[in-house]
Amino acid sequence: MFTMPVDVKKDTYGQEKIFLRELRGSTAQVNLLGGQAISWKNDHGDELLFTSRKANFRQPKASRGGISLCFPQFSSVGSLEQHDFARNRVWRLDPSPPPLPINGNKAFADLILKPGDEDLKIWPHCFELRLRVAVGPGTLALTSRIRNTDSKPFTFTFAMHTYFSVSDISEVRVEGLETLDYLDNLCKKERFTDQGDAITFEGEVDRLYLSTPTKIAIIDHGKKRTFVLRKEGLPDAVVWNPWHKKSKAMIDFGDEDYKRMVCIAAAAVEKPITLKPGEEWKGREEVSVVSSSYCSGQLDPYKVLNG
């Protein structure tokens, strides 16, 4: 396997970024702050991830957009602050990553996060959180491994919070979650069953879908492309768009940004994960993008989800 060099540079705020480029020209950028993928471009230079123009790239908070990791708690499901705390810490390049397989000539980087003294005050458990980000032709993959290095068990929830760049939210369908149960965060986490043939957006959506399939399709009619999200070890899926009212209330999000994004988070939330000392958990998502036109019949959603 040919290993491409890892290019690390500082941005205008002094934050270190990892730049990845595979042989055909697809690229990715990863902030060491939060281990956050903030850019993914295809070989034509089209940006595939959404990041708000008002995003704050300074510490101590992660920027609004890209792909952020939520650990050891997703959202407010627990006693910690929302999404605390891995996404707000500075990671480092992993000097001895696990031997994960890489198919083809992908560019990748391995990162690691261990708790500091302040983290142990918030959540008193020792761990190693490893992340591999790999970019290939038309694909972006993130693999997370969490090892319990403590002398006692711990329990956590986890999510990969992915902001997809879309033409207009009114042109987007999410398929693969229909007929499933979900918890609606707009209705005090009341449980419902999805009755539609796809998820479309006509207002704010904030749902946690339960026991979801390993493949979800995000179909963008406006840009005539489909994102296919494949996931392992992450049984749940969050679907989120803040719509206009909530967008105006967020200081790091533009008033009209909701039109250009949809967030799908591969997650393990409903059933928290418990690791005994020495045990390791792995979660993975891979996103691929295909050029398609659902309206003209060039895309068969069944083949996308089941092929």
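I will try to describe carefully the structure that is included in this document. (Residues numbered from 1 in each chain as written. Predicted model: local features only at pLDDT ≥ 70, side-chain atom pairs only at ≥ 80, totals over all residues. Heavy atoms only, no water.)

Structural notes on the overall build of the chain
And step 1. Looking only at helices and strands, the chain features three helices and 19 strands.
And step 2. Split into buried and exposed, the 307 residues of the chain put 56% on the buried side.
And step 3. Across the chain, every contact between residues at least 6 apart in sequence was considered, and the portion connecting residues at least 24 apart equals 66%.
And step 4. Summing over all exposed atoms, the chain offers an accessible surface of approximately 13,900 Å²; the carbon and sulfur share of this is 48%. (Helix = DSSP H or I, 4+ residues; strand = E, 2+ residues; numbered from the N terminus. Buried < 20%, exposed > 50% of the residue type's maximum accessible area, 1.4 Å probe, protein only. Contact = heavy atoms within 4.5 Å. Areas by Shrake-Rupley, 256 points an atom, 1.4 Å probe, with all protein chains shown as cover.)

Section: the side chain of Glu285
And step 1. Of note, Glu285 is situated in strand E19 (residues 280–291).
And step 2. One buried charged residue, Glu285, remains without a salt bridge, the closest side chain of opposite sign being Lys231 at 8.8 Å.
And step 3. Ignoring sequence-local partners within four residues, the contact set of Glu285 consists of Ile67, Leu140, Ala141, Leu142, Met160, Thr162, Leu229, Arg230, Lys231 and Ala266. (Lys, Arg positive; Asp, Glu negative; His and termini not counted. Salt bridge = Lys/Arg side-chain N within 4 Å of Asp/Glu carboxyl O.)

Some words on the pairing of strand E14 (residues 205–209)
And step 1. When you tally the buried positions in E14, you get five out of five residues, the bulk of the element.
And step 2. In E14, alternate side chains face the same way, and those of Val205, Arg207 and Tyr209 on one face and Asp206 and Leu208 on the other are all buried.
And step 3. Relative to E14, strand E12 (residues 181–184) runs antiparallel, the two sharing three bridges. Looking at the pairing, Tyr182 lines up with Tyr209 of E14. (Pairing = 2+ DSSP bridges.)

A few points about the sheet that holds strand E9 (residues 139–148)
And step 1. Taking strand neighbours across the sheet as the criterion, the eight strands line up as E6-E7-E8-E9-E19-E16-E15-E11 in an open arrangement whose pairing is antiparallel. Looking at the sheet topology across the chains shown, the edges are occupied by strand E6 (92–93) and strand E11 (172–175).
And step 2. Where strand E16 (residues 225–232) and E19 come together, eight bridges link them in antiparallel fashion. In the sheet register, Arg230 faces E19, and the bridge partner there is Glu286.

What about unusual backbone geometry?
And step 1. The omega angle of the peptide bond from Phe71 to Pro72 is 5°, so this bond is cis rather than trans.
And step 2. Looking at where Pro72 falls in the secondary structure, it is placed in the loop between strand E5 (67–70) and E6.
And step 3. For Thr179, which is not glycine, the phi dihedral falls at a positive 75°.
And step 4. Mapped onto the fold, Thr179 is located in the loop between E11 and E12.
And step 5. Residue class for Thr179 comes out exposed when judged on its relative accessible area of 59%.
And step 6. Phi angles above zero are rare outside glycine, and Lys224 is one such case at about 50°.
And step 7. Its location among the elements puts Lys224 in the loop between strand E15 (215–220) and E16.

Observations concerning the pairing of strand E13 (residues 190–193)
And step 1. Relative to E13, E12 is paired through four bridges, and the arrangement is antiparallel. Each residue of the ladder has a partner; that of Asp184, found in E13, is Glu190.
And step 2. Hairpin connection between E12 and E13: a loop of five residues separates the two successive antiparallel strands, and Lys188 in this loop has a positive phi of roughly 55°.

Considerations on a nonpolar patch on the surface
And step 1. Taken together, the side chains of Val6, Val8 and Leu93 define a hydrophobic patch exposed on the protein surface, amounting to about 200 Å² of accessible area.
And step 2. Inspection of the secondary structure puts Leu93 in strand E6.
And step 3. For Leu93, a relative accessible area of 37% gives the class partly exposed. (Patch = residues over 30% accessible without salt bridge, like charges linked within 9 Å, V, L, I, M, F, W, Y side chains within 5 Å.)

Observations concerning the packing of aromatic side chains
And step 1. The final tally for this structure, using the stated rule, is 17 aromatic pairs.
And step 2. A centroid spacing of 5.7 Å and a plane angle of 75° characterise the contact between Phe156 and Trp281, whose relative ring orientation is edge-to-face. You can see Phe156 sitting in strand E10 (residues 154–165) and its partner Trp281 sitting in strand E19, a full 125 residues away along the chain.
And step 3. Owing to a relative accessible area of 2%, Phe156 belongs among the buried residues under this scheme.
And step 4. These aromatic residues form a ring-pair network of at least three members: Phe71, Phe85, Trp123, Phe127, Phe154, Phe156, Phe158 and Trp281.
And step 5. In this structure, Lys9 packs its charged tip against the face of Phe19, placed 5.5 Å from the ring centre.
And step 6. The positively charged end of Arg207 is found above the aromatic ring belonging to Tyr182, 4.5 Å away from the centroid. (Phe/Tyr/Trp six-rings, centres within 6.5 Å; stacked < 30°, edge-to-face > 60°. Lys NZ or Arg CZ within 6 Å of the ring centre and 35° of its normal.)

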